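Spelled out, the chains give:
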Amino acid sequence: MIDETALLESKALRSSVLDHTEVLDKVKALSLLPDGMHVTTAMVATYFEVAERAINSLLQRHRAELETNGLRVLRGAELQEFKSFNLKLYPESYPQPRSSMALWPRRTVLNVAMLLRDSDVARQVRTYLLDMEYLARTQPVENPAPTDIASLDDRIDQRITHILGKTVVPMFNALIQTSGEHRRELMALRAGVQRIERRIRQHHARLQRLEDPREERPLAGVMATMDAMNGRQFEEHVATLLRRDGCTNVVVQGGRGDRGVDVTALTSGGRRIVAQCKRFAPYLSITSPEVQKFVGAAKVLYAADVALFVATCPFTPDALNIAAQSGVTAVHRGLLEEWSAGATLEVLE
């Protein structure tokens, strides 16, 4: 079995597993440039949660190997052509280099994962590679299960929604028509059943989105775009997501005098929403004092029914605990990525 040291030291062994670029997405989402194929040096550093100078240093030491596996450095007319066809479409979202730009395809990013020693993300990628290699050597080949047979979970969800929609709800309709004394109670029960049916459908759709292969999900460039925003642009982005999900009276009020709240709104059901928006670098974390401060503003000053702390970075465990205990929804980097790509937040439903 290949071990981690061998991957770090042997170019031949690294080359033997470079086709398994899918392991990158098993660890975390790799945001791509608008061409859907490449990332910049800064984006490589963000993915591996290291300083950009560490990637530049690695590039200098292993340039020949990286270029063999697809690394390109654009200059002059070639750089201008790439910018005109790609970066100019998003002038405020991506850096506009003056003299040169390194383009890293997924294969080369995987190459970096097998060369970068001081990165937890790179170690996780190598672990996936080693696990895949071990399973390939030790697991017997089995006939794949037919893909056209619905899973047990799918059949259960379909059966429940069928019973609710085709049997229980019509029964309530009939009872409401014939009952005068308990009409209001029956209507309330029917609404509850319909709400359960709707939630099951939403839950099933959400699970399908999460289980789909990462390359089929529209996430390319989502986080890279937000990482390039300034604070005000990020607040406007969160406001756009709220409007998309049916919220009304959406107001962006970040700035002086906002009393710790950047966006206010109402859910489709009339509940009051307040949101704090933090556009931090992905290697930073939201800490418990920041959440505690927001709790005071959301619950005391604004009497919010729904409190969202939205951040482009993770939350510390203590911060997550305080958020959960205080009724604050912590929209961390991963959840924000899903929300921006089309998923809905349960707390808004």
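You'll find the structure just up there.
Rules and cut-offs
Per-chain numbering applies: the sequence of each chain, read as written, is numbered from 1 onward. Residues qualify for local features only when their pLDDT is at least 70, as the model is predicted, and side-chain atom pairs are given and counted only at 80 or more; totals for whole chains, interfaces and linings, by contrast, use all residues. To get the side-chain values, take all heavy atoms of the structure and skip hydrogens and water. Salt-bridge detection follows one rule: a side-chain nitrogen of Lys or Arg within 4 Å of a carboxyl oxygen of Asp or Glu. Each helix is a run of H or I in the DSSP string that is no shorter than four residues. Each strand is a run of E no shorter than two, and both are numbered from the N terminus. The buried label goes to any residue with under 20% of its type's maximum accessible area, the exposed label to any with over 50%, and the partly exposed label to all in between, with areas taken from a 1.4 Å probe on protein chains only. Take the buried residues of types Ala, Val, Leu, Ile, Met, Phe, Trp, Tyr and Cys, join any two whose side-chain atoms come within 4.5 Å, and each joined set is a nonpolar core. To get an axis, a line is fitted to the C-alpha atoms, and for a helix only the part in contact is used. The angle between two axes follows their N-to-C directions and goes from 0 to 180 degrees. Throughout this description, any angle smaller than 35 degrees is read as roughly parallel, any larger than 145 degrees as roughly antiparallel, any in the 65 to 115 degree range as roughly perpendicular, and the remainder as oblique. By the definition used in this description, the sense in which the near helix is turned from the far one sets the handedness, with an anticlockwise turn below a right angle giving left-handed and a clockwise turn giving right-handed. Should any heavy atoms of two residues lie within 4.5 Å, those residues are considered in contact. Each residue is assigned to one of three groups, with Ala, Val, Leu, Ile, Met, Phe, Trp, Tyr, Cys and Pro labelled nonpolar, Asp, Glu, Lys and Arg labelled charged, and all others, Gly among them, labelled polar.

Draft legend 1. Region of interest: the pattern of salt bridges. In total, this model carries 12 salt bridges according to the counting rule given. The residue Glu235 makes a salt bridge to Arg232 at a minimum N-O spacing of 3.6 Å. With Glu235 and Arg232 both in helix 13 (residues 231-244) and 3 residues apart, the pair spans about one turn of that helix. One salt bridge connects Arg232 with Glu236, and the closest N-O pair in it is separated by 3.9 Å. Of this pair, Arg232 and Glu236 are both found in helix 13, 4 residues apart, which corresponds to roughly one turn of the helix. For Arg232, a relative accessible area of 40% translates into the label partly exposed. Salt bridges here are not isolated pairs; linked through shared partners, they connect Arg232, Glu235 and Glu236.

Draft legend 2. Summary view of the nonpolar core. In terms of nonpolar packing, the biggest core is built from 39 residues, with Phe48, Trp104 and Val112 touching the most fellow members. For this core, the elements supplying multiple residues, two or more each, are helix 3 (23-27), helix 4 (41-48), helix 5 (52-61), helix 7 (76-85), strand 3 (100-105), helix 8 (106-113) and helix 9 (120-138). In terms of residue count, the dominant contributor to this core is helix 4 (5 residues). Core analysis: the next-biggest nonpolar cluster, separate from the first, contains 25 residues, Met223, Met226, Ala275 and Val331 among them.

Draft legend 3. Spatial organisation of the packing of helix 14 (residues 288-301) against helix 15 (residues 317-326). In contact at an axis separation of 8 Å, helix 14 and helix 15 are set at 20 degrees when each is read in the N-to-C sense. Taken together, the axes of helix 14 and helix 15 are roughly parallel relative to one another. Regarding helix 14 and helix 15, the two cross each other, and that crossing is right-handed. Contacts from Ser288, Val291, Gln292, Val295 and Lys299 of helix 14 reach helix 15 at Asp318, Ala319, Ile322, Ala323 and Ser326. Here the residues of the contact of helix 14 with helix 15 are counted per class, giving 5 nonpolar, 3 polar and 2 charged.

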